[in-house]
Amino acid sequence: MKATLPIILMAALAAALSCGPGGGENGAEEPTPEVQAQPAAPERAEDFEEFYAKFYSDSVFQKSRVRFPLPGFRLSEHHPDSVASDTNYYWDKSAWRFRHTIEGDSLVFDEIIYKKEMHYSDREVLEQIYIQDAGYFVENKFKMINGGWYLVFIYDATSW
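Overview of the structure.

Quick look at the nonpolar core
Line of reasoning, step 1. Within the largest apolar cluster, 17 residues are counted, with the highest numbers of intra-cluster contacts made by Phe51, Phe55, Phe142 and Leu151.
Line of reasoning, step 2. The set of elements that each furnish at least two residues to this core consists of helix H2 (48-55), strand S2 (88-91), strand S6 (136-145) and strand S7 (148-158).
Line of reasoning, step 3. Sort the elements by how many residues they give to this core and H2 lands first, with four residues.
Line of reasoning, step 4. Beyond its immediate chain neighbours, meaning those up to four positions away, phenylalanine 55 contacts Phe61, Gln62, Arg65, Val66, Phe98, Phe142 and Leu151.

Quick look at the structure:
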């Protein structure tokens, strides 16, 4: 009996290996139920122009795309909680007021010319709105985070 056990095991092993990779009777490959890890599809980055248009037209969307507490600098005589010098400031979500921008490169309002400049890089956009030689300057920094654009910093020097 001892001599026949190794022979039986070798015969069973040979029979199992002779069936081919699929293990079927006719040698056809059967689908395997293995789940193979598929690489994640790269996330499509949000288009800045689409984000920008929605950011300045939808108050709920705007608030959802601000990184609170929002750091920045604030210089304004109109805000009693700030001082009349460059000050580290944090905008709070509960006190956030909808912010507006100007269409195009400039806007004339009450004979005052507001200008806007945009500075683009791959992952950051700076929006500057100002009145030439008048002490009015706002800079908003937008940054790409996890495929979406967010307002991450404000420099507000509206001192009049």
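From this point, the narrative continues.
Quick look at the environment of glutamine 132
Line of reasoning, step 1. Note on placement: glutamine 132 falls in the loop between strand S5 (124-131) and S6.
Line of reasoning, step 2. With 20 residues separating them in the primary sequence, glutamine 132 and isoleucine 112 have C-alpha atoms 9.5 Å apart.

Some details on unusual backbone geometry
Line of reasoning, step 1. Cis geometry marks the peptide bond from phenylalanine 68 to proline 69, where omega comes out at -10°.
Line of reasoning, step 2. Not every positive phi belongs to a glycine, and asparagine 146 is a case in point at roughly 50°.
Line of reasoning, step 3. Residue position: asparagine 146 is located in the loop between S6 and S7.

Details of the sheet that holds S5
Line of reasoning, step 1. Across the sheet, seven strands lie side by side as S2-S1-S7-S6-S5-S4-S3; this open sheet has mixed pairing. The strands lining the two open edges of the sheet, one partner per strand, are S2 and strand S3 (106-109). When the angles between neighbouring strand axes are averaged without regard to direction, this sheet yields 25°.
Line of reasoning, step 2. Pairing geometry for S5 and S6, over eight bridges, is antiparallel. Across the sheet, residue glutamine 128 finds its bridge partner in S6, namely glutamate 139.
Line of reasoning, step 3. Contacting strand S4 (112-120), S5, S6 and S7, H2 crosses the sheet at an angle of about 145° to S4.

Details of the pattern of salt bridges
Line of reasoning, step 1. All told, the structure shown has one salt bridge when counted by the stated rule.
Line of reasoning, step 2. Here arginine 65 ties to glutamate 46 by a salt bridge, and the two come within 2.8 Å at their closest N and O atoms. Here arginine 65 is found in the loop between helix H3 (59-64) and strand S1 (70-75), whereas its partner glutamate 46 is found in the loop between helix H1 (4-18) and H2, with 19 residues between them in sequence.
Line of reasoning, step 3. What makes arginine 65 buried here is its relative accessible area of 14%.

Description of the side chain of glutamate 127
Line of reasoning, step 1. Counting through the fold element by element, glutamate 127 comes out in strand S5.
Line of reasoning, step 2. For the buried glutamate 127, no salt bridge exists, and the shortest N-O distance to an oppositely charged side chain is 4.6 Å, to lysine 116.
Line of reasoning, step 3. Engagement of the side chain of glutamate 127 in a polar contact is seen with the side chain of tyrosine 52, the distance being 2.3 Å.
Line of reasoning, step 4. Within the local environment of glutamate 127, its side chain forms a polar contact with the side chain of threonine 101, the two groups lying 2.6 Å apart.
Line of reasoning, step 5. Other than its neighbours up to four places away in sequence, glutamate 127 contacts Tyr52, Tyr56, Thr101, Lys116, Glu117, Met118, Val138, Glu139, Asn140 and Phe142.

Here we look at the pairing of S5
Line of reasoning, step 1. Taken across its eight residues, S5 has six buried, putting it largely inside the fold.
Line of reasoning, step 2. Judged from the six bridges that link them, S4 and S5 form a sheet pairing that is antiparallel. Within S5, the position partnered with lysine 115 by the bridge is tyrosine 130.
Line of reasoning, step 3. With antiparallel pairing between neighbouring strands as the criterion, S4 and S5 make up a hairpin whose turn holds three residues.

A few points about the packing of aromatic side chains
Line of reasoning, step 1. If you walk through the whole model with that rule in mind, you get 18 aromatic pairs.
Line of reasoning, step 2. Among the aromatic residues, ring-to-ring pairing joins Phe48, Phe51, Tyr52, Phe55, Tyr56, Phe61, Tyr120, Phe142 and Trp149 into one connected group.
Line of reasoning, step 3. A cation sits over an aromatic face here: lysine 54 above phenylalanine 61, 4.7 Å from the ring centre.
Line of reasoning, step 4. Here arginine 65 stacks its cationic end above the ring of tyrosine 150, 5.0 Å away from the centre of that ring.

Procedures and definitions
In this numbering scheme, every chain counts its residues from 1 along its sequence in written order. Selection of residues for local features in this predicted model requires a pLDDT of at least 70, selection of side-chain atom pairs for listing and counting requires 80 or more, and totals for whole chains, interfaces and linings are taken over all residues. Excluding hydrogens and water, the side-chain figures rest on all heavy atoms present in the structure. The criterion is simple. A nonpolar core is a set of buried Ala, Val, Leu, Ile, Met, Phe, Trp, Tyr and Cys residues joined through side-chain atoms within 4.5 Å. A 1.4 Å probe rolled over the protein chains alone gives each residue an accessible area, and that area as a share of the maximum for its type sets the label: buried under 20%, exposed over 50%, partly exposed in between. By the criteria applied, helices consist of DSSP H or I runs no shorter than four residues and strands consist of E runs no shorter than two, each listed in order from the N terminus. In this description, contact between two residues means that some pair of their heavy atoms is separated by no more than 4.5 Å. A pair of strands counts as paired when DSSP detects no fewer than two bridges linking them. Geometry is summarised by axes, namely lines fitted to C-alpha atoms with helices restricted to the contacting stretch, and by angles between N-to-C directions that run from 0 to 180 degrees. Each reported salt bridge corresponds to a side-chain nitrogen of Lys or Arg within 4 Å of a carboxyl oxygen of Asp or Glu. The positive count covers Lys and Arg only, the negative count covers Asp and Glu only, and His and the chain ends enter neither. Think of a polar contact as two N or O atoms within 3.5 Å of one another; within protein, one of them needs to be a possible hydrogen donor and the other a possible acceptor, and neighboring residues in sequence only count if both atoms come from side chains. By convention, a stacked pair of Phe, Tyr or Trp rings (six-membered ring in the case of Trp) has centres within 6.5 Å and planes under 30 degrees apart, an edge-to-face pair has planes over 60 apart, and any other such pair is tilted. By definition here, charges over rings are those cases where NZ of Lys or CZ of Arg is within 6 Å of the ring centre and within 35 degrees of the ring normal.

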